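What the coordinates show
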Amino acid sequence: MTDSKYFTTTKKGEIFELKAELNSDKKEKKKEAVKKVIASMTVGKDVSALFPDVVNCMQTDNLELKKLVYLYLMNYAKSQPDMAIMAVNTFVKDCEDPNPLIRALAVRTMGCIRVDKITEYLCEPLRKCLKDEDPYVRKTAAVCVAKLHDINAQLVEDQGFLDTLKDLISDSNPMVVANAVAALSEIAESHPSSNLLDLNPQSINKLLTALNECTEWGQIFILDCLANYTPKDDREAQSICERVTPRLSHANSAVVLSAVKVLMKFMEMLSKDLDYYGTLLKKLAPPLVTLLSAEPELQYVALRNINLIVQKRPEILKHEMKVFFVKYNDPIYVKLEKLDIMIRLASQANIAQVLAELKEYATEVDVDFVRKAVRAIGRCAIKVEQSAERCVSTLLDLIQTKVNYVVQEAIVVIKDIFRKYPNKYESVIATLCENLDSLDEPEARAAMIWIVGEYAERIDNADELLESFLEGFHDESTQVQLQLLTAIVKLFLKKPTETQELVQQVLSLATQDSDNPDLRDRGYIYWRLLSTDPVAAKEVVLAEKPLISEETDLIEPTLLDELICYIGTLASVYHKPPSAFVEGGRGVVHKSLPPRTASSESTESPETAPPGAPSGEQPDVIPAQGDLLGDLLNLDLGPPVSGPPLATSSVQMGAVDLLGGGLDSLIGGPNFVTPPAAAVPANLGAPMGSGLSDLFDLTSGVGTLSGSYVAPKTVWLPAMKAKGLEISGTFTRQVGSISMDLQLTNKALQVMTDFAIQFNRNSFGLAPAAPLQVHAPLSPNQTVEISLPLSTVGSVMKMEPLNNLQVAVKNNIDVFYFSTLYPLHVLFVEDGKMDRQTFLATWKDIPNENETQFQIRDCPLNAEAASSRLQSSNIFTVAKRNVEGQDMLYQSLKLTNGIWVLAELRIQPGNPSFTLSLKCRAPEVSQHVYQAYETILKN
């Protein structure tokens with residue numbers, strides 16, 4: 001009879017009966033009772049009341065009964081910790097049982113009981129099992145150490161279990177080695193800073209020896225561990241590759257992918273002229289191809305990994321195009337992935353084959369697949385120039401089919417082909433225009449409008465075509481509205497006499513009737529350009545466009561290198577680093593490929609550069625806000641390049657209007673009072689302290705030498721986090737220049753040299769203006785003070801909080817990261833004084849919802865003293881009034897990126913609380929400006 005009978009009883013008084021059976025003298029009855037208890041527990045009944053009775057059954061030689069009792073124990077130990085202590089004695093006894101299966105069972109169960117009270121009693125039995133003569137017990141004990149470390153890390157370290165685990169790496173049994181590696185890797189993952197897996201050539205040799213005799217999962221643990229090792233030179237890398245290569249023919253796909261990961265990583269260190277390098281490339285292709293004959297789910301994972309491998313080393317699979325051709329019964333997710341890889345492998349040699357396939361796919365029934373196939377034809381045209389003609393004629397054939405979604409996709413890609421090969425295929429425009437009425441998707445409509453605007457001079461009825469789109473302007477998506485606005489402005493610049501009404505109509509629709517800020521801003525820019533300087537408008541709007549690059553969807557190189565280190569894991573399926581999707585306190589370590597050896601660097605030939613990146617250049621990539629430390633880890637910590645300030649850097653910062661609009665919006669804008677000429681600070685272009693500024697405004701405080709308030713130095717990077725290097729610092733501003741005053745202290749036992757510093761992108765573009773100069777080596781217990789000049793022309797990216805600065809400092813020991821908050825007043829510039837008229841007009845112009853009020857308490861200064869103290873930090877008093885006994889100071893300041901902040905400070909004589917009202921077009925900065933006020937007034 002099967003065990004299903006245990007799950008059918010639901011009698012009342014059941015617990016009482018079970019209790020009696022558990023205490024029975026008959027062994028068979030006891031076993032039956034325990035089975036019933038486990039069955040009840042499995043279906044969710046609470047049988048914790050039977051805890052002492054079940055624990056009594058542990059004293060038995062019957063292995064099956066023991067397993068059942070241990071199962072019960074694991075489940076209820078957490079809710080009955082006091083009772084669970086009763087079982088400790090049995091564990092200790094079972095760990096010395098002559099039967100190795102019972103010893104292993106005891107140690108396995110010990111690891112699963114997550115009760116703090118018990119853990120210390122388990123140390124002794126565990127220590128014995130780690131040294132047990134039976135390998136099965138040792139391998140189980142190794143995993144138990146990792147579980148125990150998760151419950152109580154300190155206890156494991158104090159008891160010396162980690163050292164015992166390290167010794168197990170040299171064990172004679174390969175399974176013990178694999179489990180020891182797995183346990184150490186698991187512990188190292190939760191403690192990224194600890195150097196537990198201290199790999200050296202000797203231990204690597206032991207792991208490689210164990211590799212051949214392990215089970216498949218043991219092999220995966222060892223291969224993953226090898227992937228974290230960096231060989232000392234290309235010779236060692238080659239010898240490891242030679243010993244790992246046989247794993248490529250393993251039946252388990254996880255072993256194959258782990259081996260591929262190790263080889264891809266160590267190939268970085270091999271010179272491309274080596275015969276072995278070519279052999280390795282040839283050996284990598286067959287196992288990857290074999291993975292594609294597995295079931296669809298496995299194929300998909302393999303394809304996602306192959307996608308990464310092809311981007312890194314397209315030469316591995318360049319002759320294997322046929323295996324990526326789609327089969328009729330492939331699921332859609334496999335089809336789309338194969339299509340992607342086909343395009344990545346497309347080259348002049350195989351393009352005819354690829355195009356024939358793609359044309360076939362475009363007649364399939366699956367809409368998503370057809371769309372992607374049509375898009376793929378366009379991507380082939382852009383990638384392989386010789387095939388462009390053929391691709392365009394294929395696309396025209398597809399347009400003739402009049403299938404709605406095929407036509408729309410074709411138009412979207414033809415737009416890109418026009419961008420890549422200007423003045424070559426414009427003869428097809430007439431065919432495209434015939435299909436105007438059938439377009440109903442935003443992307444296709446936007447593409448068609450772009451084509452009409454771009455080639456308006458070749459289309460006789462361009463104005464009529466665009467006018468037909470304008471009729472339902474407000475129902476269109478933003479993408480289409482923006483394209484339509486630009487296209488009509490282009491048309492006007494090409495045919496001004498015929499289209500004046502049309503352009504006025506679209507400008508008023510975009511600026512007055514629309515509530516989309518992007519559309520409104522673009523409309524106003526065009527309006528002002530056209531009304532002030534049509535010649536400039538022509539240069540801006542009809543400027544020559546840069547050619548689009550071959551592959552726009554390549555993964556950014558540093559991210560690709562990191563993902564190659566995660567082949568065979570979830571990260572390689574998501575194409576995202578683990579930090580983007582792993583939650584929780586576990587420190588996610590960023591991995592990167594080992595640096596190329598000198599010999600392989602010199603032999604990098606232009607032909608082998610990855611597609612899309614011209615040799616010697618890396619494509620610019622915009623980072624995701626989510627992974628800021630990721631950027632720091634990829635920084636090239638050489639000396640910063642000093643060059644002319646980038647004019648664009650002030651316009652990149654997310655939502656903040658960096659132009660501030662303080663003055664600009666008042667000059668020439670509709671409905672604004674044009675201020676007198678003096679309103680524009682005359683010394684904007686003049687260098688600070690050049691003397692010119694004083695001619696215009698003697699009282700503005702420009703060039704004052706007193707300097708703004710400097711906060712005392714605080715510790716930014718404690719020595720314990722930076723291997724003995726302690727960094728303290730503060731920020732200062734003196735006569736227009738910002739600096740970071742650093743104090744470096746060496747608390748280690750070795751000399752520190754080769755210092756370099758780099759900042760992450762930040763809200764105001766702060767960047768080192770010179771290298772970090774530490775002239776002499778920093779000896780132990782020595783301190784050095786350095787003033788690092790800063791510029792504000794670095795890359796801009798909005799941070800949270802706004803004044804957060806992430807810094808990387810490198811020396812001969814390591815690279816260290818820390819973040820600090822800089823006080824905003826170091827960014828207040830010396831020409832921040834507005835004249836009264838402008839102040840008044842700007843105050844009225846900034847909407848009331850942008851006004852914020854703050855209280856500054858416990859400030860004993862009077863209005864005069866407060867005004868002069870604020871002026872020394874570049875907060876200028878524009879006017880002063882006395883209203884009903886209160887002193888009102890109206891003040892202005894300007895940040896390095898051009899944001900103006902206006903302030904009203906109310907001071908009641910004798911009352912130490914001031915009221916501060918701030919108005920600014922970028923209200924995000926107000927909180928930080930208030931903090932600057934408070935700091936300056938109270939210190």
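Above this text is the structure in question.
Scope of this entry: the structure provided in the associated data block. Since the structure is predicted, the reported quantities are computational estimates derived from the model, not experimental observations.

Conventions and cut-offs
- Residues numbered from 1 in each chain as written.
- Predicted model: local features only at pLDDT ≥ 70, side-chain atom pairs only at ≥ 80, totals over all residues.
- Heavy atoms only, no water.
- Pairing = 2+ DSSP bridges.
- Helix = DSSP H or I, 4+ residues; strand = E, 2+ residues; numbered from the N terminus.
- Axes fitted to C-alpha atoms, helices over the stretch in contact; angles between N-to-C directions.
- Contact = heavy atoms within 4.5 Å.
- Phe/Tyr/Trp six-rings, centres within 6.5 Å; stacked < 30°, edge-to-face > 60°.
- Buried < 20%, exposed > 50% of the residue type's maximum accessible area, 1.4 Å probe, protein only.
- Lys NZ or Arg CZ within 6 Å of the ring centre and 35° of its normal.
- Patch = residues over 30% accessible without salt bridge, like charges linked within 9 Å, V, L, I, M, F, W, Y side chains within 5 Å.
- Areas by Shrake-Rupley, 256 points an atom, 1.4 Å probe, with all protein chains shown as cover.
- Salt bridge = Lys/Arg side-chain N within 4 Å of Asp/Glu carboxyl O.
- Lys, Arg positive; Asp, Glu negative; His and termini not counted.
- Charge placed at Lys NZ, Arg CZ, Asp CG, Glu CD.
- Core = buried A, V, L, I, M, F, W, Y, C linked by side-chain atoms within 4.5 Å.
- Domains from an automatic or database assignment.
- Expected span 1.5 Å × (residues − 1).
- Polar contact = N/O pair within 3.5 Å; in protein donor to acceptor, adjacent residues only side chain to side chain.

**Some thoughts on the sheet that holds strand β10 (residues 876-883)**
Strand order in the open sheet formed by 5 strands is β9-β13-β12-β11-β10, with antiparallel pairing between adjacent strands. Of all strands in the sheet, those with a lone pairing partner are β9 (851-856) and β10, marking the two edges. Averaged over all pairs of adjacent strands, the angle between their axes in this sheet comes to 20°, without regard to strand direction. With 6 bridges joining them, β9 and strand β13 (residues 914-920) adopt antiparallel strand pairing. Across the sheet, glutamine 853 pairs through a bridge with serine 917, a residue of β13. Where helix α36 (residues 836-845) meets the sheet, it contacts β9, β10, β11 (886-894), β12 (900-907) and β13, and its direction lies at approximately 95° from that of β12. Against the sheet, helix α38 (residues 926-938) touches β9, β11, β12 and β13, its axis set at about 25° to β9.

**Brief notes about the packing of aromatic side chains**
Scanning the model with the defined rule gives 12 aromatic pairs in all. For the ring pair phenylalanine 764 and tyrosine 822, a centre distance of 6.5 Å and an interplane angle of 80° mean the geometry is edge-to-face. With phenylalanine 764 in the loop between β4 (756-759) and β5 (767-768) and tyrosine 822 in the loop between β8 (815-821) and α36, this pair connects stretches of sequence that are 58 residues apart. Accessibility assignment for this pair places phenylalanine 764 and tyrosine 822 in one class, buried. The structure contains a cluster of three or more aromatic residues connected by ring pairs, namely Trp716, Phe731, Phe764, Phe818 and Tyr822. When the ring centre of phenylalanine 369 is taken as origin, the NZ or CZ atom of lysine 335, which lies over that ring, is 5.2 Å away. In this structure, lysine 424 is placed above the aromatic ring of tyrosine 421, and the distance from its NZ or CZ to the ring centre is 5.4 Å.

**Here we look at unusual backbone geometry**
Geometrically, the link from glutamate 800 to proline 801 is a cis peptide bond, its omega value of -5° lying close to zero. Along the chain, the position of proline 801 falls in the loop between β6 (783-791) and β7 (804-810). Positive phi, normally seen in glycine, also occurs at aspartate 858, with a value near 55°. Note on aspartate 858: relative accessible area 60%, which makes it exposed. One non-glycine residue with positive phi stands out, namely glutamate 884, at about 50°. Among the structural elements, glutamate 884 can be located in the loop between β10 and β11. Residue classification places glutamate 884 among the exposed residues on the basis of a relative accessible area of 78%.

**Quick word on a negative patch on the surface**
On the surface, Glu464, Glu467, Glu471 and Glu501 cluster together into a patch of negative charge. By the element assignment, glutamate 464 lies in helix α26 (residues 462-470). You can call glutamate 464 exposed: its relative accessible area is 53%.

**Examining the sheet that holds strand β1 (residues 714-717)**
Reading across the sheet, the 5 strands line up as β1-β2-β3-β6-β5 and stay open at both edges, with antiparallel pairing between neighbours. Among the strands making up the open sheet, the edge pair consists of β1 and β5. In terms of strand pairing, strand β2 (residues 725-734) meets strand β3 (residues 737-746) through 10 bridges, oriented antiparallel. Note that in β3 the partner of arginine 733 across the bridge is isoleucine 738.

**Side note on the nonpolar core**
Ranked by size, the top nonpolar core spans 214 residues in total, and within it Tyr72, Leu126, Leu317 and Phe418 carry the most contacts. Summarising the domain contributions, this core has at least three residues from each of domain 1 (346-439) and domain 2 (441-543). Excluding its chain neighbours within four sequence positions, the residues that come into contact with tyrosine 72 are Val37, Ile38, Met41, Val47, Ser48, Leu50, Phe51 and Val54. Counting 63 residues, the second largest nonpolar core, distinct from the first, contains Val826, Phe828, Leu895 and Phe914.

**Looking at the pairing of β12**
When you tally the buried positions in β12, you get 7 out of 8 residues, the bulk of the element. Bridging between β11 and β12 involves 8 bridges; their strand directions are antiparallel. Counted as the bridge partner of leucine 889 is leucine 905 from β12. Once β11 ends, the chain turns through 5 residues before running back antiparallel as β12, passing glycine 898 with a positive phi of about 90°. Sheet topology note: the β12/β13 ladder contains 6 bridges and is antiparallel. Each residue of the ladder has a partner; that of glutamate 904, found in β13, is serine 917. Count of turn residues in the β12/β13 antiparallel hairpin: 6 residues, of which glycine 910 carries a positive phi of about 90°.

**Quick notes on helix α21 (residues 367-383)**
Along its 17 residues, α21 runs 24 Å from first to last C-alpha, staying within 8% of the 24 Å computed at 1.5 Å per residue. Counting buried positions along α21 gives 12 out of 17 residues, so the element sits mostly inside the fold. Within α21, burial applies to Phe369, Val370, Arg371, Ala373, Val374, Ala376, Ile377, Gly378, Cys380, Ala381, Ile382 and Lys383. Packing partners of the buried residues in α21 comprise α19 (332-345), α20 (351-361), α22 (388-400) and α23 (404-420). Of the residues flanking the start of α21, the one acting as N-cap is aspartate 366, its side-chain oxygen 3.3 Å from the backbone nitrogen of aspartate 368.

Structural measurements only, silent on function.
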